[in-house]
Amino acid sequence: MSNVTIIDTKRGLRPRASASDVEAAARLAALLEKAKSRDAHGILELALREEFAGKTAVVSSFGAEAVVLLKLVADIDPNTPILFLNTGKLFGETLRYRDRLQDVLGLGDVRSLAPSLEERAKKDPEGTLWSRDADACCDFRKTIPLAHALEPFQAQITGRKRFQTRERADMQPVEYFEGRYRFNPLWQWDLHQLEAYIERNNLPRHPLVEDGYPSIGCMPCTRRVQAGEDYRAGRWSGLDKDECGIHLTDGGGI
Ligand code: SF4
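What comes next is a walk through the structure.

Overall, the coordinates contain 6 aromatic pairs when judged by the stated rule. In this arrangement the basic side chain of R182 is found over the ring face of F177, its NZ or CZ atom lying 4.3 Å from the centre.

The structure is reproduced here in structure tokens:
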């Protein structure tokens, strides 16, 4: 059980953990034991075939490195549900890249999620909330639609990597977050490994990468990166923010 307290949300079990919390913590510890000796493909097999077959969804931005995870998933089961947040603020290039990858990789179940018309009219009628309150904008355009879409699933797979942000630096291959298991098969990959995998498999690149965008989110909140800058410096530039909220680790663990 000691792994659980270290790995899950830095807080371990809550002081008054319920029976289901204890059960989830025990399963998390067992999953971690299995995952830590496996490569990315093995971790995906663990989620998609061994432990949560038919109950797992992938969350993908179809951003700069997304093709790596999508290819690995497609090699196991191309009909795995892929949840894509179409916030209404994405680059057109991202939408076309989604369509291209769906075609090239044979992805059979890509689900585009969006806030409802009612929510947009109520919370962001002018479409400018991002400029006043980015957290509120991410909340209704990303966090809430994703939470609804994940309801039928017991596990999710992300493309997060340790090297990306300070928040992700102590990420583990499996976590427990808001009532479901979260697998991070690329947790230990670095940029060189990602590049090499894309080259080796001759995979299509997001068209904005060549144009100076090594990390790509919504259009108003992403800028080009200059030489010498951190590769995520173009995300929410000027704001004290480097996560949109859908992946925050400290907010719902066991
Ligand atoms: S990244 Fe920017 S535009 Fe996109 S949902 Fe968040 S605040 Fe809104």
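Our focus in this paragraph is the site of the ligand. The immediate surroundings of the ligand are formed by 10 residues, with A134, C137, C138, C218 and C221 found nearest. The dominant element in the shell around the ligand, judged by the number of residues it contributes, is helix α8 (residues 134-150), at 5 residues. A per-class count over the shell around the ligand returns 7 nonpolar, no polar and 3 charged.

Residue pairs three or four apart in sequence face the same way in an α-helix, which turns once every 3.6 residues. The first and last C-alpha atoms of helix α5 (residues 92-105) sit 20 Å apart over 14 residues, in line with the 20 Å expected at 1.5 Å per residue. Structurally, α5 contributes buried residues whose contacts are with α4 (66-76), β2 (82-85) and β3 (110-113). After α5 finishes, the residue G106 shows a positive phi value of roughly 70°.

The next point concerns the pattern of salt bridges. According to the stated counting rule, one finds 16 salt bridges in the structure shown. A salt bridge links R141 to D124; the shortest N-O distance between them is 2.7 Å. With R141 in helix α8 and D124 in the loop between α6 (117-123) and α7 (129-132), this residue pair connects regions lying 17 residues apart in the sequence. Accessibility assignment for this pair places R141 and D124 in one class, buried. Here the salt bridges do not stand alone but share partners, grouping R27, K34 and E51 into one network.

What counts, and at which threshold
Residues numbered from 1 in each chain as written. Predicted model: local features only at pLDDT ≥ 70, side-chain atom pairs only at ≥ 80, totals over all residues. Heavy atoms only, no water. Phe/Tyr/Trp six-rings, centres within 6.5 Å; stacked < 30°, edge-to-face > 60°. Lys NZ or Arg CZ within 6 Å of the ring centre and 35° of its normal. Near = heavy atom within 4 Å. Helix = DSSP H or I, 4+ residues; strand = E, 2+ residues; numbered from the N terminus. Nonpolar A, V, L, I, M, F, W, Y, C, P; charged D, E, K, R; others polar. Expected span 1.5 Å × (residues − 1). Contact = heavy atoms within 4.5 Å. Salt bridge = Lys/Arg side-chain N within 4 Å of Asp/Glu carboxyl O. Buried < 20%, exposed > 50% of the residue type's maximum accessible area, 1.4 Å probe, protein only.

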